[in-house]
Amino acid sequence: MEVLVYLVPIALLLGLTGLAAFMWSLKNGQYDDVQGAAVRVLSDDDLRK
Amino acid sequence: MPETLDLSIYVKRQDDGTAHLDLAVEGIDCAACIDEIEGGLCRLPGVVDARLNYTHHRLAVEWRERDLSPAAVVEELQRLGYRAHPFQSRLVEEEETRRAKWLLKCLAVAGFASMNIMLLAVSVWSGNVTDITPETRDFFHWLAALIALPAVAYAGQPFFQSAMGALRNRRTNMDVPIVIGILLALGMSVVETVNSAEHTYFDSVVMLLFFLLCGRYLDQAMRRKTRSVASNLASFRAEVAHRIEESGEVVLLPTAALKAGDRVLVRPGERIAVDGAVLSGSSEVDESLVTGETAHRAVKDGDQVYAGSMNYNGTLTVHVTAAGKGTLLDEVERLLENAAAAKSRYVQFADRVAKVYAPIVHTAAALTAIAWIASGSTVHDALITAISVLIITCPCALALAVPVVQVVASGALFRSGVFLNAGDAFERLAKVDTIVFDKTGTLTLPTMSVVNAGSVAPDLLKAASRLALSSHHPLAAAVAQLAGSRRPFEGVTEEPGQGVCAVVDGVEMRLGSPAFCRSEELAREMAAMDPTASVIAFSWGEERAVLMVRQALRPDAVAVLSALRGRGFDCRILSGDRPEAVAPIAATLGVEMWRGGCRPADKIEALEALKAEGRKVLMVGDGLNDAPALAAAHVSLSPISAADLTQAQADAVFLGDRLQPVQDTIEISRRAHHLMRQNLGIALVYNLIAVPLAFFGHVTPLVAALAMSGSSTLVTLNALRARGRAPAPAGEPASAQIDLVAQGA
């Protein structure tokens, strides 16, 4: 069962990475315009210089 | 070339020489609008960035200040086919956005913690019935404690703060038993971990937090959505005024930029945007939005005028006074204060339940401890059992029962075009048995329309309406609504105070006062038939027509009132207008109890009398004179066209020209209230089963986890029924947009 000593912390670390990614995206304003994001993805010419 | 509006008070200047402006945009209905607006604006020289928020219909534009004026941005949008209004985000809304973000962070932390702790907890549960070693179990418990303690300290903040706030005011709310339960369960689990015991409750605690935060966040998100649409509408309505500068120059400004002491020019056909005193000029004003009176009032030098009045025939110069200085406003504000003070603070349903619930639960836990000690077990075992009673009764389902229904029901209201100002309005709306309507602007439309269009020859009507396009007079505006094409005749001249005339194909056409059109006799005849309507005459060569203009009933008023009466509501009318004007409306609608000529104090008196009879009154009104009555009534509604002060007092505001939302509001509220009670019933049954189990010490962490998630899911699913059937598609802004998005995509 010694394998748990490093497997469990790795699992936790993965979870924390996910949490950090969510916090980053929230801070980045990615949830400010949810409906807009859904329709912008369909636009072809969104690569303005 | 129209006058340009001076928007400088809305522009935010930044250090790097760029300026920033927030706009609320009308007419966004499909995905292509995004490209069209952003692309169009970015082609303007000097624009650095334009970003449209499609969810909230707001546009943020940044440009280099020396290259462009803010008015050019608005004009470019106008050219693209969108009307944009400068938008100043209100403090409340910014506060709500911050709170929603914070709740989402708490939710993420609780979600992370509950997933990981559940992982550990399930291993322990399955290990306990197989061959887990005590060392491994302790290791898992310590890990769970390590995750749970900081997670609860962070994600529990919304509950800790709310409970502390309530206790500081010597009240209790639902959060007090929640916090007590959470802290005790956490403390006990830590002690048990130290003692390397078999059971800990870390998973229950964080799961409870996660469920509760879901409810809180949804509630907040719904409220935010409603508020953002409401403040967009407010900025669409934001009025402009012509200010006379020191130099005598006239500039067009948003009303928000005016200060007391400024002088404002009001032309015929314009709405007076400020409260003030007339400096010079004389005219007639229509104060129906203010007092409900439809007859016009003559004003001259020194008279008081109120924001929202329509100026009819003369140009006025108005001296702006600070709000609340007028005699009428003084009375309204005084009555408002009294009404707010007299209205005993309504205690929310959930808080009333919490008041009874908390002592019962805490007594039950204490009794459990005493019973176990009395039957000879150790203090440690007795305490553990007592705390498990607290954990299992922690009002998870109870705390979700009311807010989730509120969220779903306010979503349903939103789709029928009703915005809720007060979250607890459902409970009050559901109890309503008497509905009191104001007349002007509530039962009738706020704008004028021609009532005898059917009896006038079609070609005459067509010519009259086209000629009316050239006039600024409010009566002519009603005629102009009938015009098929928006092309006015050429060479039209306007005689101030008389009417407009034009020569078309060698024949003279006139629209205006009966004398101006030489048709006094016909006008007298018509006026005798309907003395309360205003008349406007039209002549075309030798032909004459007289049009009757008045505020028409809302198109579905008769149907809605008879439906409401059919469902047993007592409908009444209390109007500030003359009794002669109210009588025909009441007769058409079949309302027997009506009163005209009510001053604001009279309306309150009438409502108090109804209250004394034990009735629960819904007041529907729009005028400034209705504001105190709206505050005094058990619950209140107002149309979106209402005066600002009045809207602020109403518990909900409805959109559109129809009266149907009033009926929808009551029906949805009744359904919501029924579901709230049903949900509380479910929570009660759950507790009746769970408490005896806990009392006898049968609640293991596994049972607690199953029971809590089970009851929460049941309550949430039941709340979804508050959506009801999909409402009729007419007049529903939100879902219409969604349909269009789907088509556009």
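Being a predicted model, the structure only gives us computed values, none of them experimental.

### Looking at the interface of chain B and chain A
1) Next: Listed per partner, the contact involves 27 residues of chain B and 22 residues of chain A.
2) Next: For the pair chain B and chain A, the summed buried surface comes to about 2200 Å²; carbon and sulfur atoms form 68% of the total.
3) Next: On the chain B side of the contact with chain A, Thr 55, Lys 101 and Phe 112 of chain B bury the most area, a combined 22% of that side's loss.
4) Next: The interface formed by chain B and chain A holds one salt bridge in total.
5) Next: One salt bridge connects Glu 38 of chain B with Arg 40 of chain A, and the closest N-O pair in it is separated by 2.9 Å.

### A look at empty space enclosed by the protein
All names here are of chain B.
1) Next: Going through the model one piece at a time under the given rule, you end up with three cavities of 30 Å³ or more.
2) Next: Here the largest cavity is characterised by a volume of approximately 100 Å³.
3) Next: If you trace the largest cavity, you find 15 residues lining it, with Ala 121, Trp 125, His 141, Thr 200 and Asp 203 closest to the centre.
4) Next: When grouped by side-chain class, the residues that make up the lining of the largest cavity number nine nonpolar, four polar and two charged.

### Re the sheet that holds strand β17 (residues 449-450) of chain B
Residues and elements named next belong to chain B.
1) Next: Spatially, six strands are ordered β17-β22-β21-β20-β19-β18 in an open sheet, and the strand pairing comes out antiparallel. Each end of this open sheet is capped by a strand with a single partner; those strands are β17 and β18 (493-495).
2) Next: One ladder, built from two bridges, connects β17 with strand β22 (residues 543-550); its direction is antiparallel. Bridge pairing in β22 places Ser 449 opposite Arg 550.

### Description of the environment of Val 129 of chain B
Residues and elements named next belong to chain B.
1) Next: If you trace the backbone, Val 129 turns up in helix α3 (residues 91-129).
2) Next: According to the relative accessible area criterion, Val 129 is exposed, its value standing at 72%.
3) Next: Val 129 sits 126 residues away from Thr 255 along the chain, and the two C-alpha atoms are 74 Å apart.

### Re the UniProt feature "transmembrane region" (unreviewed entry) in chain B
1) Next: The UniProt record marks residues 102-127, 139-156, 176-194, 200-218, 356-376, 382-405 and 679-696 of chain B with the feature "transmembrane region" (unreviewed entry), using the residue numbering of this structure.
2) Next: Secondary structure over residues 679-696 of chain B splits into 94% helix and 0% strand, and the C-alpha atoms at its two ends are 26 Å apart.

### Considerations on the sheet that holds strand β10 (residues 283-286) of chain B
Residue and element names in this part refer to chain B.
1) Next: Taken in spatial order, the three strands line up as β11-β10-β13 in an open sheet, and their pairing is antiparallel. Each edge of the sheet is formed by a strand with only one pairing partner; in this case those strands are β11 (297-299) and β13 (310-311).
2) Next: Across two bridges, the pairing between β10 and β13 is antiparallel. Bridge pairing in β13 links Asp 286 to Met 310.

### Re the packing of aromatic side chains
Residues and elements named next belong to chain B.
1) Next: Inspection of every chain in the model, using the stated rule, returns five aromatic pairs over all chains.
2) Next: Between the aromatic rings of Phe 414 and Phe 419, the centroid separation amounts to 5.4 Å while the plane-to-plane angle is 55°, which identifies the pairing as tilted. For the pair shown, Phe 414 and Phe 419 are each scored as buried.
3) Next: Positioned above the aromatic ring of Phe 516 is the side chain of Arg 510, whose terminal nitrogen or guanidinium carbon lies 4.4 Å from the ring centre.

### Some thoughts on the UniProt feature "transmembrane region" (unreviewed entry) in chain A
1) Next: Per the UniProt annotation, the sites labelled "transmembrane region" (unreviewed entry) are residues 6-26 of chain A.
2) Next: Taken end to end, residues 6-26 of chain A comprises 100% helix and 0% strand; its first and last C-alpha atoms sit 30 Å apart.

### Overview of the nonpolar core
Residue and element names in this part refer to chain B.
1) Next: Formed by 121 residues in total, the largest nonpolar core has its most connected members in Ile 435, Phe 437, Leu 618 and Leu 659.
2) Next: No other element matches the 14 residues that α3 contributes to this core.
3) Next: Among the domains, domain 2 (90-221) and domain 4 (418-446 + 554-666) are the pair contributing at least three residues each to this core.
4) Next: With residues near it in sequence (within four places) discarded, Leu 659 still touches Phe 437, Thr 442, Leu 443, Arg 554, Asp 556, Ala 557, Val 560, Leu 561 and Phe 654.

### What about the UniProt feature "domain: HMA" (unreviewed entry) in chain B?
1) Next: In the numbering used here, UniProt assigns the feature "domain: HMA" (unreviewed entry) to residues 19-85 of chain B.
2) Next: Regarding residues 19-85 of chain B, the helix share stands at 33% and the strand share at 37%, and the terminal C-alpha atoms are separated by 17 Å.

### Examining the domain arrangement of chain B
Residue and element names in this part refer to chain B.
1) Next: You can read the domains of chain B as domain 1 (1-89), domain 2 (90-221), domain 3 (238-325), domain 4 (418-446 + 554-666) and domain 5 (450-550).
2) Next: Domain 3 puts eight residues into the contact, and the matching count from domain 4 is 13 residues.
3) Next: Between domain 3 and domain 4, the buried area comes to about 760 Å², and carbon and sulfur atoms account for 46% of it.
4) Next: Run the count over domain 3 and domain 4 and you get zero salt bridges.

### Re a positive patch on the surface
1) Next: A surface patch of like charges, here positive, comprises Arg 352, Lys 431, Lys 611, Lys 616 and Arg 677 of chain B.
2) Next: Here Lys 611 of chain B shows up in helix α20 (residues 600-612).

### A look at the pairing of strand β23 (residues 570-574) of chain B
All names here are of chain B.
1) Next: Extensive coverage of β23 is indicated by the burial of four of its five residues.
2) Next: With four bridges joining them, strand β16 (residues 434-437) and β23 adopt parallel strand pairing. Looking across to β23, one finds that Phe 437 is bridged to Ile 573.
3) Next: With three bridges connecting them, β23 and strand β24 (residues 593-595) associate as parallel partners. Along β24, the bridge assignment pairs Ile 573 with Trp 594.
4) Next: In this region the chain leaves β23, passes through helix α19 (residues 579-589) and returns to the parallel neighbour β24; the handedness of that crossover is right-handed.

### Considerations on the confidence of the model for chain B
Residue and element names in this part refer to chain B.
1) Next: Of the residues in chain B, 93% have a pLDDT of 70 or more, and the chain-wide mean is 82.
2) Next: Confidence, read as mean pLDDT per element, is least for helix α25 (residues 733-744) in chain B (36) and greatest for helix α4 (residues 134-155) (93).
3) Next: Here residues 726-745 scores under 50 on pLDDT; set against residues more than four positions off or in separate chains, the count is 17 contacts.

### Describing the pattern of salt bridges
Residues and elements named next belong to chain B.
1) Next: All told, the structure shown has 23 salt bridges over all chains when counted by the stated rule.
2) Next: Between Arg 297 and Glu 287 there is a salt bridge, and its shortest N-O distance comes to 2.9 Å. A residue pair is termed long-range when its members are at least 10 positions apart, and Arg 297 in strand β11 and Glu 287 in the loop between β10 and α8 (288-291) qualify at ten residues.
3) Next: Between Arg 615 and Glu 613 there is a salt bridge; the shortest N-O distance is 2.9 Å.

### Quick look at unusual backbone geometry
Residues and elements named next belong to chain B.
1) Next: The phi dihedral of Ser 196 is positive, around 40°, even though this residue is not glycine.
2) Next: Here Ser 196 is to be found in the loop between α6 (175-194) and α7 (202-237).
3) Next: Classification of Ser 196 by relative accessible area gives partly exposed; the value is 36%.
4) Next: With a phi angle near 50°, Asp 505 is a residue other than glycine that sits in the positive phi range.
5) Next: Its location among the elements puts Asp 505 in the loop between β19 (499-504) and β20 (507-512).
6) Next: On the basis of relative accessibility, which here comes to 76%, the residue Asp 505 falls in the exposed class.

### Considering helix α11 (residues 379-393) of chain B
1) Next: In a regular helix each residue adds 1.5 Å, so 15 residues correspond to 21 Å; α11 of chain B covers 21 Å between its end C-alpha atoms and thus fits that length.
2) Next: Where burial is concerned, most of α11 of chain B is hidden: eleven out of the 15 residues are buried.

### Let's talk about a nonpolar patch on the surface
Residue and element names in this part refer to chain A.
1) Next: On the surface, Val 3, Tyr 6, Leu 7, Ile 10 and Leu 14 cluster together to form a nonpolar patch covering roughly 500 Å² of accessible area.
2) Next: With respect to the secondary-structure elements, Val 3 resides in helix α1 (residues 3-27).
3) Next: The class for Val 3 is partly exposed, based on a relative accessible area of 37%.

### Some thoughts on the packing of α3 of chain B against helix α5 (residues 157-168) of chain B
Residue and element names in this part refer to chain B.
1) Next: Axis separation between α3 and α5 bottoms out at 10 Å; the angle between their running directions is 120°. When the axis of α3 is compared with that of α5, the two are oblique. Packed against α3, whose contacting residues are Trp 102, Leu 103 and Cys 106, the element α5 presents Gln 157, Pro 158 and Gln 161 at the interface.
2) Next: Looking at side-chain class alone, the contact of α3 with α5 contains four nonpolar, two polar and no charged residues.

Here is what the cut-offs are and how they apply
- Throughout, residues of each chain are indexed from 1 in the direction in which the sequence is written.
- Just so you know, chain letters begin at A and ligand numbers begin at 1, following the order they were written in.
- pLDDT decides what is reported in this predicted model: residues at 70 or higher carry local features, side-chain atom pairs at 80 or more are listed and counted, and totals for whole chains, interfaces and linings draw on all residues regardless.
- Computation of side-chain values covers all heavy atoms of the structure but excludes hydrogens and water.
- Contacts between residues were defined by any pair of non-hydrogen atoms, one from each residue, lying within 4.5 Å.
- Buried area is understood as the total, over both parts, of accessible area removed when two parts are fitted together, assessed with a 1.4 Å probe.
- Take a side-chain nitrogen of Lys or Arg and a carboxyl oxygen of Asp or Glu: if they are within 4 Å of each other, that pair is a salt bridge.
- Cavities and pockets are defined on a 1 Å grid built over the protein atoms alone: a cavity is a set of grid points where a 1.4 Å probe fits but cannot escape, while a pocket is an open set with protein on both sides within 12 Å along at least five of seven lines, and lining residues are those with an atom within 4 Å of any such point.
- Grid points are joined across faces, edges and corners, and a volume is the space filled by probe spheres set on the points.
- Amino acids are sorted into nonpolar (Ala, Val, Leu, Ile, Met, Phe, Trp, Tyr, Cys and Pro), charged (Asp, Glu, Lys and Arg) and polar (every other residue, Gly among them).
- Here, strands pair whenever DSSP counts at least two bridges between them.
- Helix and strand assignments come from DSSP, with helices taken as H or I runs of at least 4 residues and strands as E runs of at least 2, each series counted from the N terminus.
- Three labels apply to residues, based on accessible area from a 1.4 Å probe with only protein chains included: buried if under 20% of the type maximum, exposed if over 50%, partly exposed otherwise in between.
- UniProt positions are given in the numbering used here, feature names are shortened, and annotations may be inferred rather than shown by experiment.
- Any two rings among Phe, Tyr and Trp, with Trp reduced to its six-membered ring, count as a pair given centres within 6.5 Å; such a pair is stacked if its planes are under 30 degrees apart, edge-to-face if over 60, and tilted if neither.
- The criterion for a charge sitting over a ring is simple: Lys NZ or Arg CZ within 6 Å of the ring centre, and within 35 degrees of the ring normal.
- Working definition of a nonpolar core: buried Ala, Val, Leu, Ile, Met, Phe, Trp, Tyr and Cys residues. They are joined through side-chain atoms within 4.5 Å.
- The domain boundaries here were taken from an automatic or database domain assignment.
- Candidates for patches are residues over 30% relative accessible area with no salt bridge; among them, like charges are joined within 9 Å and nonpolar side chains (Val, Leu, Ile, Met, Phe, Trp, Tyr) within 5 Å.
- Areas reported here follow the Shrake-Rupley algorithm with a probe of radius 1.4 Å; residue values treat only the protein chains shown as occluding.
- Residues scored as charged are limited to Lys and Arg (positive) and Asp and Glu (negative), so that His and the chain ends carry no count.
- By convention, the charge on Lys lies at NZ, on Arg at CZ, on Asp at CG and on Glu at CD.
- Orient the strands so they point away from the viewer, and a crossover whose first-strand-to-second-strand path over the helix runs clockwise is right-handed.
- Confidence scores per residue from the predictor, reported as pLDDT, run from 0 to 100.
- By this rule, a helix spans an expected 1.5 Å times one less than how many residues it contains.
- Here an angle of 0 to 180 degrees is reported between the N-to-C directions of two axes, which are lines fitted to C-alpha atoms, with helices fitted over the stretch in contact.
- The cut-offs work like this: below 35 degrees is roughly parallel, past 145 is roughly antiparallel, 65 to 115 is roughly perpendicular, and the gaps in between are oblique.

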